[in-house]
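Structural overview
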Amino acid sequence: MYGLKAIVIGAGIGGLTTGLALRQAGYEVEIYDRVRDLRPIGAGISLWSNGVKVLNRLGLSQQLAAIGGQMHYMEYRNLSGNVLNHISLQPLVEEVGQRPYPVARRDLQNVLLEAFESAGGKLTLGTKCIGILDGFRDVTAKFEDGSTAKGDLLVAADGVRSLLRQYILGETVEPKYAGYVNWNGLVPISTDLAAADTWSIYVGENKRASLMPLAGNRFYFFFDVPLPKGTVNNIANYRNELKEHFQGWAKPVQLLIDRLEPESVARLEIHDVGPISKIVKGRVALLGDAAHATCPDLGQGGCQAIEDGWVLANYLSSTNLSVPDALRRYEIERKVRTTEIVNKARNRAETIHGKDPEVTQKWYDQLAQENPLDVTKAIAKIISGGPLH
Ligand code: FAD
């Protein structure tokens, strides 16, 4: 199915990856985003090997190696700073054949955007999609400013609060609160915070504090705290509330709170979506968080959006009955994979954040006894379920 045109709504990780994959498959691609300036929400993201493999296949291996952090170990510590488990990631890399890359979201977005535009893709900003007209031969996106765009298919990659999800489902599905708040940002690497080649995770009191190395001598950090929905989000409070929530925790956690710059910290209530009953209708496909926003506790939401883009472009370029037929095949394959990931990530979020404090305590105990190889095997299993083995 060459010479066809795709309209993509949303220029996040999902929309840009899909746009690039479709351009490489010979499609004309137009991406539209409602914002005037593309600014990712959040500071960093870990691209696990399944996401990296797809981006490698899209020709981005060198760019990723340049922006990826050198993360060779994972380390769990209790809130006093005592090591619970120290895990080499080398067995994981050997099993799955590709190292993971923690990256700054801004760097990843620049890489994807540059690749998409160099491949001849067209991005239009400041254009909010407000509706879809799905015809027999084509599909039309309607925008708030009265303009329209017509294509052979439409990809709705409009994020966790997707407006277009309703078009597919015929009803509104509200994102579900995962019960905790996440603060994240970047600080310079410094060995009094953590080792520069290690993902360090402090756990205790159903909370987490974490530091992950990125390229450019930066740590991506985050804090998780279980809180009711709707707590006040005020930049002026960030340092104080973190000091309060992490009172008595180890020295590096205190230093991190002292060093972070509140103006560049994101504070988010974490939500997921689904699993939902369908992600395709006619010539329209949901993709990424719009289809399956995932608790970040497996670090897989963005990787799933990347896998979606790859699988969609593959069906559209390797089958030739019709666009709706290719989209149905995409739906069948991706629903199985993403349903498993959304459910697993939700379970993991509940274990980490004390939904049942006894379960969380058991997890802390298990961390101290677990064979590091079992940890890397569990991560490898998730990675190996992706489309590129
Ligand atoms: P988004 O990035 O949300 O992009 C949607 C785009 O659509 C936006 O640019 C928006 O402006 C645009 N848009 C929305 N509505 C409209 C409209 N009506 N018209 C036009 N444009 C519109 N994933 C990982 O793989 N690894 C991690 O380590 C990881 N960590 C995470 C940590 C946190 C704290 C969070 C919250 C998430 C994390 N994730 C992680 C998940 C990951 O961030 C998301 O899965 C990913 O960003 C989803 O990308 P997307 O393109 O589907 O959606």
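Keep in mind the model is a prediction, meaning the values are calculated, not measured. For every chain, the first residue of its written sequence is number 1, and the numbers climb from 1 along that sequence. Thresholds applied to this predicted model are a pLDDT of at least 70 for local features of residues and 80 or more for the giving and counting of side-chain atom pairs; totals over whole chains, interfaces and linings are not thresholded and use all residues. With hydrogens and water stripped out, all remaining heavy atoms of the structure feed into the side-chain values.

**Side note on the site of the ligand**
The local shell around the ligand holds 32 residues, among which Gly14, Asp33, Ser46, Asp289 and Gly302 are the closest. Distance and chemistry together define a polar contact, namely a pair of N or O atoms within 3.5 Å, with one atom able to donate a hydrogen and the other to accept it when in protein, and with adjacent residues in sequence counting only for side-chain atoms on both sides. At 3.0 Å from a nitrogen atom of the ligand is found a main-chain nitrogen or oxygen belonging to glycine 299. Here a nitrogen atom of the ligand and a backbone polar atom of glycine 302 are 2.8 Å apart. Burial of the ligand by the surrounding chains reaches 86%, relative to a free accessible area of 1,000 Å². Every element with two or more residues in the shell around the ligand is listed here: α1 (13-24), β3 (44-47), β12 (176-188), β16 (266-272) and α10 (301-318). Neighbouring residues are identified by heavy atoms, a residue being near a molecule or strand if any of them is within 4 Å of it. The protein chains shown are the only cover counted for residues, whose accessible areas, like all others here, come from Shrake-Rupley with a 1.4 Å probe. In this description a helix means any DSSP run of H or I spanning at least four residues, a strand means any run of E spanning at least two, and both kinds are numbered starting from the N terminus.

**Brief notes about the sheet that holds strand β15 (residues 218-226)**
Pairing is mixed in the open sheet, where 7 strands are placed in the order β5-β4-β13-β14-β15-β12-β16. The outermost strands of the open sheet, each flanked by one partner alone, are β5 (83-88) and β16. If you compare each strand with its neighbour and ignore which way they point, the axes differ by 20 degrees on average. DSSP calls a pair of strands paired once it identifies at least 2 bridges connecting them. Sheet topology note: the β12/β15 ladder contains 9 bridges and is antiparallel. Residue pairing for β15: asparagine 184 is matched across the bridge by phenylalanine 222. In this analysis, axes come from line fits to C-alpha atoms, helices being fitted only over the stretch in contact, and the angle between any two N-to-C directions falls in the range 0 to 180 degrees.

**A look at the packing of helix α7 (residues 238-245) against helix α8 (residues 251-259)**
In a pair of packed helices, the angle between the axes and the distance between the axes together describe the arrangement. The interhelical angle for the contact between α7 and α8, taken along N-to-C directions, is 170 degrees, at an axis separation of 9 Å. The orientation of α7 with respect to α8, classified from their angle, is roughly antiparallel. Here α7 contributes Arg239, Leu242 and Lys243 to the contact with α8, which in turn contributes Gln254, Ile257, Asp258 and Arg259. As a working rule, the residues Ala, Val, Leu, Ile, Met, Phe, Trp, Tyr, Cys and Pro are called nonpolar, Asp, Glu, Lys and Arg charged, and the rest polar, with Gly in that last group. Here the residues of the contact of α7 with α8 are counted per class, giving 2 nonpolar, 1 polar and 4 charged. Orientation categories follow fixed angle ranges, with anything under 35 degrees roughly parallel, anything over 145 roughly antiparallel, 65 to 115 roughly perpendicular, and all other angles oblique. Throughout, a contact is declared for two residues whenever any of their heavy atoms are within 4.5 Å.

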